[in-house]
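Overview (structure and organization)
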Amino acid sequence: MYLSLIMPGMVAFGRRWGIASDDLVLPGAFELFLRVIWWIGTLILYSLHKGSFDCPGGGVLHGYLVVLLVLLALVILSLCAIIYVSAQGTITNPGPRRSIPVLVYLRALLYLPEIVWACLGAIWASADSQGCDPATVGAVIAAVVASWILLLSTGLGVVFVFDPLGDSRPRPPAPEQLGVRDLESSEGSQFLSTARSVATQVWESRLRLLCCCLPQDESHRAAFSSIAQLVSGFFSDTDLVPSDIAAGLALLHQEQDKMAHHRDPDDILAHSPSSPIEAELEVELGQAAHCMQFAAAAYGWPMYIYSNPLTGPCKLSGDCCRSQAAEYDIVGGDHLGCHFSSVLLSTGLGYRDFIYVSFHNQIYEIPFFVALDHKREAILVAVRGTLSLKDVLTDLSADCENLPVDGVSGTCYAHKGMSQAARYIYRKLVNDGILNQAFAIAPEYKLVITGHSLGGGTASLLAVLLRHSFPNLQCYAFSPPGGLLSKALADYSKDFVVSVVLGKDLVPRLSIPNMEDLKRRILKMVSNCNKPKYRILLQGCWYEVFGGEPDDSPTELEHQRLEEELSQPLLGEESLLVRHSSSYQSLASDDSPAHAATHLPLFLPGRVLYLTEDGPSRRWSCFAQVRYRAEWSSEAAFRSVLISPRMMADHMPDAVLRALRSLTADRPFNLCPSSSSLGNNHHTVI
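Only a predicted model underlies this, so the values are computations on that prediction, with no experimental measurement involved. (Residues numbered from 1 in each chain as written. Predicted model: local features only at pLDDT ≥ 70, side-chain atom pairs only at ≥ 80, totals over all residues. Heavy atoms only, no water.)

**A look at the nonpolar core**
How we decide: Nonpolar core, defined: a set of buried Ala, Val, Leu, Ile, Met, Phe, Trp, Tyr and Cys residues in which side-chain atoms within 4.5 Å join the residues together. Three labels apply to residues, based on accessible area from a 1.4 Å probe with only protein chains included: buried if under 20% of the type maximum, exposed if over 50%, partly exposed otherwise in between. The helix count covers DSSP runs of H or I at least four residues long, the strand count covers runs of E at least two residues long, and both are numbered beginning at the N terminus.
Counting 48 residues, the largest nonpolar core has Phe368, Val370, Val381, Leu429, Leu447, Ile449 and Leu466 as its most contacted members. Going through the elements one at a time, strand S4 (354–358), strand S5 (368–373), strand S6 (378–383), helix H14 (416–431), helix H15 (434–441), strand S9 (446–452), helix H16 (454–466) and helix H17 (487–492) are the ones with two or more residues in this core. Among the nonpolar cores identified, the runner-up in size contains 39 residues, and Met292, Phe359, Ala371 and Leu502 belong to it.

**What to know about the pattern of salt bridges**
Defined as follows: Whenever Lys or Arg places a side-chain nitrogen within 4 Å of a carboxyl oxygen from Asp or Glu, that contact is recorded as a salt bridge.
Per the stated rule, a full pass over the model turns up 23 salt bridges. A salt bridge links Lys533 to Asp22, with the nearest nitrogen and oxygen atoms 2.9 Å apart. Here the residue Lys533 occupies a position in helix H19 (residues 533–546), and Asp22 occupies one in the loop between strand S2 (15–20) and helix H1 (25–48), the gap between them amounting to 511 residues. For the pair formed by Lys533 and Asp22, the shared burial category is buried. In this structure, the salt-bridge partner of Arg520 is Asp517, at a minimum N-O distance of 2.8 Å. A residue pair is termed a helical-turn pair when its members lie 3 or 4 positions apart in one helix, as Arg520 and Asp517 do in helix H18 (residues 512–528) at three residues. The burial state of Arg520 is the same as that of Asp517; both residues are buried. Salt bridges sharing partners connect three or more residues here, namely Asp22, Asp23, Arg97, Asp244 and Lys533.

**Considerations on the state of the cysteines**
Rules: Any two cysteine sulfur atoms within 2.5 Å of one another count as a disulfide.
Counting across every chain of the model gives zero disulfides. Considering cysteine sulfurs only, Cys291 is the nearest to Cys475, which forms no disulfide, with 8.9 Å between them. Take Cys475: its relative accessible area is 1%, and that puts it in the buried class.

**A few points about the side chain of Asn361**
Using the following cut-off: By the criterion applied in these results, polar contacts are pairs of N or O atoms within 3.5 Å in which, for protein atoms, one can donate a hydrogen and the other can accept it, and in which residues neighboring in sequence qualify only through two side-chain atoms. By definition in these notes, contact holds between two residues if any of their heavy atoms fall within 4.5 Å.
By secondary structure assignment, the location of Asn361 is in the loop between S4 and S5. A distance of 3.1 Å separates the side chain of Asn361 from the side chain of Arg384, its partner in a polar contact. Beyond its immediate chain neighbours, meaning those up to four positions away, Asn361 contacts Ile366, Pro367, Arg384, Ser388, Lys390 and Asp391.

Listed below in structure tokens is the structure:
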């Protein structure tokens, strides 16, 4: 069903734009600041010469400056009006801003004389300025340049906020004619189908443009189509503009921090393997820290240089151009040998310890290597994480794909892109005899599979595929995606897969149901907030950069006013919806089972080893002491996205490796170590 309510997306010039009527405060204030300075400078120039200029083109210059002062004054007045009106109301109550389109039209009309006057100024400066004061001529040239810069900036801004779908969303029939609840008609279905089709085409065109350097073969076209359908379907039921999402994330971050502050702090136990559970955790931490070295090494030279910015280039420079092709089977993507050299330096293994190394990279085909880990008596398979645009396409191919496994009861399905990547590596390992070759050299060794991010998810699925043939295998998946396995496969993998998650890492919480939940929470936050958007964004930026206490002002309407306010069409969560989606349930209930899930639920693989920092989440000193704690967690703890400045930093492989090393070493460890001090440690707690 559809809702014919006033939407936040601004409608002007016969189309909807990618901004709202309350998005003009901050850019308008910035332009106003520049225009006022420009007007004052022009007035000073005119006053110093008292309106008379002793040069051949002085009369023309006098008229030019007078008209420019008047024109700038009109622009300043229009900007003041736009800023004032745009600051009124709230995100979901655009009623006080209903005059914004008219003001925008008036402001657009003023661009015409601005363009004409900028041209006249350029003509005067080039043809009629001979004999005039050089300072005056310079001031006019500066004014002309400033005018053209502002005009071009405005043009770029219009292109930036242009919505290709703005004129392709026909409005559904008015509720007065059909009734809001009766719009599930064939006409409504046709409207939704058309909107979805156009949105999918637009997103597919964007992906093709973004990935123009990639081959446009059948596999890439299928990936583009699948990703476009996913993205367009996710955004098609809301009328949120990007600034609304930013405001909602800022509010949600502070709301989550307030909830975290109100929780009772957990008791901290000293790090001591005094119980069997703690002893098991101690062993798993040691094994995870060891495997993470190989997972990070699989990224090749970019990660090595990132982790060792001072010494890395020098160490690699002598090895990159040495050819080892005659002695070692290195496949694809490492023409200079830099990737393999960095793997050797990162792992400490010798050349002859590697059975197979592949840096071949295509969509659904990701690099990996097979090595003999004599220290742990293991044949280790390390899968690389996301490092290329092709890997991103593999990540975003998030549809479900059947993954039947012998002996597993229940529905078996997994993330399509990573399932395809796991099958590719499986074929290489089994069909090409790579594992047989490895076990022929070390038959008593066990099989260990590891990877980070995309590599962690692929490694988990690869372990599921190999489990039947290698019942004693182990898998350590670092920061794997949350939307990876069905419940049956996730339970099956608990016997041989350990997932390691650090802090507020976004990726292990990233799944389609979680993103739908995040969208619903953003809708609720922005619909219940009684502040103008510019204040939300300014306070949110301050909070993200400088911290402090979360905003104590109410973000939700008072209980006694909730029903009354939400019944009005200009306020409430439903005003942000073009149609009801599976993510939207009810403002009164977070857990209403009214709708079946559109997307099948996916879970993290195996048992989850959760690493968190003790103490304050913000540190102003680079040498502040940090303590980590480790505990077994469950997938239920990762069913919602946590908003934090560290949601991407905690995902980086060097951060995960640093946390694991700090938990398994003995000495205190500073937050900003040098590359030679990575073995140092924070005081460890579990």
